[in-house]
Amino acid sequence: MKRYVTLAVLLTIFVYSIAEARIKVAGRGAKMNFSSEGIPEMYKPSFNLMLVKCVKCHTMERTVIAIQTGRAPITGQPFNKQAVKAYGIKMLRKPNSDMNKKEIRDVVVLLNYFLDENAK
Ligand code: HEC
């Protein structure tokens, strides 16, 4: 029983910390996504690109959680600017990523912006 209470408390704190995070998020679970609200004009093209390209193999939830928690959800590695760059290169090498160097760079710049915003 005690275990469940602890779990419930941890879960509440986790959900609350997500709700408090700086970047705006819309939806939950598999439908979770970054909100386009408040995104500067200059990032809009990259944002739209990401919405199309980065959901080919998995949902956006993975990326949102990585930004919000500062941890990559699958590997548990820190998700900072260095990791974003490394991940971009990793993506580029994936056989079906269907993204070119410029597209990857644009998304990396956008994710760095999200990291900055979330740290404020
Ligand atoms: C070709 C398929 C594919 C595409 C396209 C893709 N991903 Fe992934 N992604 C994966 C796979 C597979 C994993 C599981 C871990 C790995 O292989 O790195 C993953 C894992 C992740 C993770 C968690 C990494 C970790 O270490 O926990 C994040 C964040 C992520 N992807 C973001 C993105 C973003 C942002 C884009 C768009 C630039 C993207 N993905 C496009 C296949 C893809």
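Data block above holds the structure.
Parameters and conventions
Residues numbered from 1 in each chain as written. Predicted model: local features only at pLDDT ≥ 70, side-chain atom pairs only at ≥ 80, totals over all residues. Heavy atoms only, no water. Helix = DSSP H or I, 4+ residues; strand = E, 2+ residues; numbered from the N terminus. Expected span 1.5 Å × (residues − 1). Buried < 20%, exposed > 50% of the residue type's maximum accessible area, 1.4 Å probe, protein only. Arc of directions from axis to C-beta. Donors = N, O, S within 2.8 Å, 3.2 Å for Na, K, Ca; no water. Phe/Tyr/Trp six-rings, centres within 6.5 Å; stacked < 30°, edge-to-face > 60°. Core = buried A, V, L, I, M, F, W, Y, C linked by side-chain atoms within 4.5 Å. Contact = heavy atoms within 4.5 Å. Near = heavy atom within 4 Å. Polar contact = N/O pair within 3.5 Å; in protein donor to acceptor, adjacent residues only side chain to side chain. Nonpolar A, V, L, I, M, F, W, Y, C, P; charged D, E, K, R; others polar.

(A) Representation of helix α4 (residues 81-93). The first and last C-alpha atoms of α4 sit 19 Å apart over 13 residues, in line with the 18 Å expected at 1.5 Å per residue. Here α4 has its buried residues at Val84, Gly88 and Met91. All buried residues of α4 lie within an arc of 65° about the axis, which places them on one face of the element. Turned more than 90 degrees away from the buried face of α4, the exposed residues are Gln82, Lys85 and Arg93.

(B) Quick look at the coordination of the iron atom of the ligand. The coordination sphere of the iron atom of the ligand, as far as protein atoms go, consists of His58 (NE2) and Tyr87 (OH), spread over 2.0 to 2.4 Å. His58 sits in the buried class, given a relative accessible area of 18%. Since its relative accessible area comes to 32%, Tyr87 is described here as partly exposed.

(C) A look at the packing of aromatic side chains. Throughout the structure, instances matching the rule amount to four aromatic pairs. With a centroid separation of 4.4 Å and 15° between ring planes, the pair formed by Phe34 and Phe114 is classed as stacked. On the criterion of sequence distance, the pair formed by Phe34 in strand β2 (residues 33-34) and Phe114 in helix α5 (residues 101-119) is long-range, its members being 80 residues apart. Using a relative accessible area of 4% as the deciding quantity, one classes Phe34 as buried. The exposure class assigned to Phe114 is buried, which follows from its relative accessible area of 3%. For the pair Phe47 and Phe114, a centre-to-centre distance of 6.5 Å together with 80° between the ring planes defines the contact as edge-to-face. Taken as a pair, Phe47 in helix α2 (residues 44-53) and Phe114 in helix α5 lie far apart in primary sequence, 67 residues in all. The same class applies to Phe47 as to Phe114, namely buried. Taken together through their ring pairs, the aromatic side chains of Phe34, Tyr43, Phe47, Tyr113 and Phe114 make up a single cluster.

(D) Up close: the nonpolar core. Ranked by size, the top nonpolar core spans 27 residues in total, and within it Phe34, Met50, Ile67 and Phe114 carry the most contacts. Counting residues per element, this core draws most heavily on α5, which supplies eight residues. Those residues in contact with Met50, other than ones at most four positions away along the chain, are Phe34, Val55, Met60, Val107, Leu110, Leu111 and Phe114.

(E) How the structure looks around the site of the ligand. Around the ligand, a shell composed of 21 residues is seen, among which Cys54, Cys57, His58, Thr75 and Tyr87 lie nearest. In the environment of the ligand, an oxygen atom lies 2.7 Å from a nitrogen or oxygen atom belonging to the backbone of Ile74. Here a nitrogen atom of the ligand and a side-chain polar atom of Tyr87 are 2.4 Å apart. Elements supplying a minimum of two residues to the shell around the ligand: α3 (61-69), α4 and α5. Here the shell around the ligand is built from residues that sort into twelve nonpolar, five polar and four charged.

(F) How the structure looks around unusual backbone geometry. Here the phi dihedral of Asp98 falls at roughly 55°; this positive angle occurs in a residue that is not glycine. Note on placement: Asp98 falls in the loop between α4 and α5.

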